[in-house]
Amino acid sequence: MLSGLIAAVRRRSRRDTRFRVHEDRHFDLEATAFLHGIKVSQVEGLLQSRRRQTALSAYIFFGSGWVLFIYWLFEIAITPWASWSIAPVLEFSPFCLFLFLTAFRSALQNYQLRTRRLATAWEYLTTSAQFWPS
């Protein structure tokens, strides 16, 4: 009984769970559906669900980044500039950067799901299509 369970776990861990793409970096929905044992319509539904999730997270992180950035600017404005008070103000800035970079990553993933192809960050930034996540 235990050996059967261990064998099942080993078989499952070897299964390829990656998303398949064509040579031109477009998503191969048929191959992905076949590898996961589901229908193409289910893969499309999962893509739509993930697209909504990435759009929501991009807007949440972007908004949080701006709120934190405005708070950071407020702290800089009211904090007296002394040697003991500069470090906490400067240590706060990486959190803003983290939120903006996470928002960008989510927006890039959303763009990839909308166009159904793997795109680079530069392709996303220079696109003439809709830039904002949807």
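So, how was this worked out
Residues numbered from 1 in each chain as written. Predicted model: local features only at pLDDT ≥ 70, side-chain atom pairs only at ≥ 80, totals over all residues. Heavy atoms only, no water. Helix = DSSP H or I, 4+ residues; strand = E, 2+ residues; numbered from the N terminus. Expected span 1.5 Å × (residues − 1). Axes fitted to C-alpha atoms, helices over the stretch in contact; angles between N-to-C directions. Parallel < 35°, antiparallel > 145°, perpendicular 65-115°, else oblique. Contact = heavy atoms within 4.5 Å. Nonpolar A, V, L, I, M, F, W, Y, C, P; charged D, E, K, R; others polar. Buried < 20%, exposed > 50% of the residue type's maximum accessible area, 1.4 Å probe, protein only. pLDDT = per-residue confidence, 0-100.

Student: Teacher, can you tell me more about helix α4 (residues 83-115) here?
Tutor: Residues that lie three or four places apart on an α-helix share one face, since the helix turns once every 3.6 residues. The first and last C-alpha atoms of α4 sit 50 Å apart over 33 residues, in line with the 48 Å expected at 1.5 Å per residue. Taken from the residues just after α4, R116 is the one with a positive phi, measuring 55 degrees.

Student: Would you explain the packing of helix α2 (residues 29-36) against helix α3 (residues 40-78) in this entry?
Tutor: Any two packed helices are characterised by the angle at which their axes cross and by the distance between the axes. Orientation of α2 relative to α3, taken along the N-to-C sense of each, is 105 degrees, at an axis distance of 8 Å. Considering their axes alone, α2 and α3 lie roughly perpendicular with respect to each other. Across the interface between the two elements, L29, E30 and A33 of α2 pack against V40, V43, E44 and L47 of α3. For the contact of α2 with α3, the residue count by class is five nonpolar, no polar and two charged.

Student: I'm lost on the environment of G65 in this one. Help?
Tutor: In this structure, G65 sits in helix α3. Accessibility expressed as a relative area gives 0% for G65, which makes it buried. Separated by 30 residues in sequence, G65 and F95 place their C-alpha atoms 8.0 Å apart. Discounting chain neighbours no more than four positions away, the residues touching G65 are L99 and F100.

Student: What is the right way to read unusual backbone geometry from this model?
Tutor: A negative phi angle is the norm for most residues apart from glycine, just as the trans form is the norm for most peptide bonds. Of note in this structure, R25 is not a glycine but carries a positive phi near 70 degrees. The phi dihedral of R116 is positive, around 55 degrees, even though this residue is not glycine. Within the secondary structure layout, R116 lies in the loop between α4 and α5 (121-125). You can call R116 partly exposed: its relative accessible area is 24%.

Student: Where do I start with the confidence of the model for the protein in this structure?
Tutor: Keep in mind that low pLDDT regions are not for reading the predicted coordinates in detail. The share of residues in the protein with pLDDT of 70 or more is 87%, and the mean pLDDT across the chain is 83. Looking at the elements of the protein, mean pLDDT is at its lowest for helix α1 (residues 2-14), recorded as 62, and at its highest for α3, recorded as 91.

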